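As a plain string of letters, each chain reads:
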Amino acid sequence: EGGHSQGCASSTGEGGLETVVLRHESGATAEVYLFGATLCSYKSPDGVEHIFVSPGAIFNGAKAIRGGVPVVFPQFGQPDTAMPQHGIARTSTWAVKEIRDSAEEACLTLTLSDSAATRDKWDYAFGLEFAVSLTAVSLTMTLRVANPGPAPSA
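Residues numbered from 1 in each chain as written. Predicted model: local features only at pLDDT ≥ 70, side-chain atom pairs only at ≥ 80, totals over all residues. Heavy atoms only, no water.

**Topic: the sheet that holds strand 8 (residues 139-146)**
Now for step 1: Within the open sheet, the four strands sit side by side as 5-6-7-8. Their pairing is antiparallel. Each end of this open sheet is capped by a strand with a single partner; those strands are strand 5 (95-101) and strand 8. Averaged over all pairs of adjacent strands, the angle between their axes in this sheet comes to 15°, without regard to strand direction.
Now for step 2: Sheet analysis places strand 6 (residues 106-113) next to strand 7 (residues 127-134), joined by eight bridges and oriented antiparallel. Bridge pairing in strand 7 places Ser113 opposite Gly127. (Pairing = 2+ DSSP bridges. Helix = DSSP H or I, 4+ residues; strand = E, 2+ residues; numbered from the N terminus. Axes fitted to C-alpha atoms, helices over the stretch in contact; angles between N-to-C directions.)

**Description of the nonpolar core**
Now for step 1: One finds Leu22, Trp94 and Leu110 to be the most contacted residues of the largest nonpolar core, which totals 27 residues.
Now for step 2: Counting residues per element, the ones that place at least two in this core are strand 2 (18-23), strand 3 (29-33), strand 4 (38-43), strand 6 and strand 7.
Now for step 3: Discounting residues that sit within four places of it in the chain, Trp94 has contacts with Leu34, Gly36, Ala37, Val71, Ala89, Leu110, Thr111, Leu112, Leu128, Phe130 and Leu143.
Now for step 4: Formed by seven residues, the second largest nonpolar core is a distinct cluster that contains Leu17, Tyr33, Cys40 and Ile65. (Core = buried A, V, L, I, M, F, W, Y, C linked by side-chain atoms within 4.5 Å. Buried < 20%, exposed > 50% of the residue type's maximum accessible area, 1.4 Å probe, protein only. Contact = heavy atoms within 4.5 Å.)

**Focus: the confidence of the model for the protein chain**
Now for step 1: The predicted model of the protein chain averages 89 in pLDDT, with 95% of residues at 70 or higher.
Now for step 2: At the low end of the mean pLDDT range in the protein chain sits strand 1 (residues 9-12), at 85; at the high end sits strand 7, at 97. (pLDDT = per-residue confidence, 0-100.)

**A closer look at the packing of aromatic side chains**
Now for step 1: Counting across every chain of the model gives six aromatic pairs.
Now for step 2: Here the aromatic rings of Tyr33 and Phe59 are separated by 5.3 Å at their centres, their planes lie at 40°, and the arrangement is tilted. One end of the pair, Tyr33, is in strand 3; the other, Phe59, is in the loop between strand 4 and strand 5, with 26 residues separating them in the sequence.
Now for step 3: The class for Tyr33 is buried, based on a relative accessible area of 3%.
Now for step 4: Exposure remark for Phe59: the relative accessible area of 17% places this residue in the buried category.
Now for step 5: On the numbers, 6.0 Å between centres and 50° between planes, the contact of Trp122 with Phe126 is tilted. (Phe/Tyr/Trp six-rings, centres within 6.5 Å; stacked < 30°, edge-to-face > 60°.)

**Describing the side chain of Ser54**
Now for step 1: Along the chain, Ser54 falls in the loop between strand 4 and strand 5.
Now for step 2: Separated by 3.0 Å, the side chain of Ser54 and the backbone nitrogen of Gly56 make a polar contact.
Now for step 3: Sequence-distant contacts of Ser54, that is, excluding residues within four places in its chain, are made with Arg66 and Gly67. (Polar contact = N/O pair within 3.5 Å; in protein donor to acceptor, adjacent residues only side chain to side chain.)

**Details of the side chain of Gln75**
Now for step 1: Positionally, Gln75 belongs in the loop between strand 4 and strand 5.
Now for step 2: When neighbours within four sequence positions are excluded, Gln75 is seen to be in contact with Asp80, Met83, Pro84, His86 and Gly87.

**Overview of the environment of Glu18**
Now for step 1: Among the structural elements, Glu18 can be located in strand 2.
Now for step 2: The exposure class assigned to Glu18 is partly exposed, which follows from its relative accessible area of 41%.
Now for step 3: In this structure, the C-alpha to C-alpha distance between Glu18 and Tyr33, residues 15 residues apart in sequence, is 6.1 Å.
Now for step 4: Residue contacts for Glu18: discarding those within four places in its chain leaves Ser10, Ser11, Val32, Tyr33 and Leu34.

Take a look at the structure:
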């Protein structure tokens, strides 16, 4: 019986960190770590890996994953030394908002908003939504940023 995806599921990745694995019926797969919302694997239907993760990457839930496709927010580099390099998003654990699985695509949506831990490093309100969509022929990533606070973000 055709038309069914192979399923998307929470999983345990390197270092015991939680991931979500998207699987499309074509054989394409993608793996996203909740820590940093970092895409660490994208395999096309032919099984070829398209994402580089450093052999020296540390998966300890404290240091940002070296490689993959990170979410960089709210700074690139480290102009503000109170924050980790490339900001707070890649060293925060994101929440799963939605996992959708259909014959056309497998989709994951993660969210991150300001908390006591983020405000300690960057004192602004924010809301992030990171969506990953996997089809037989593509991987699409979309980051939406919202400023729910009264002040402009720096």
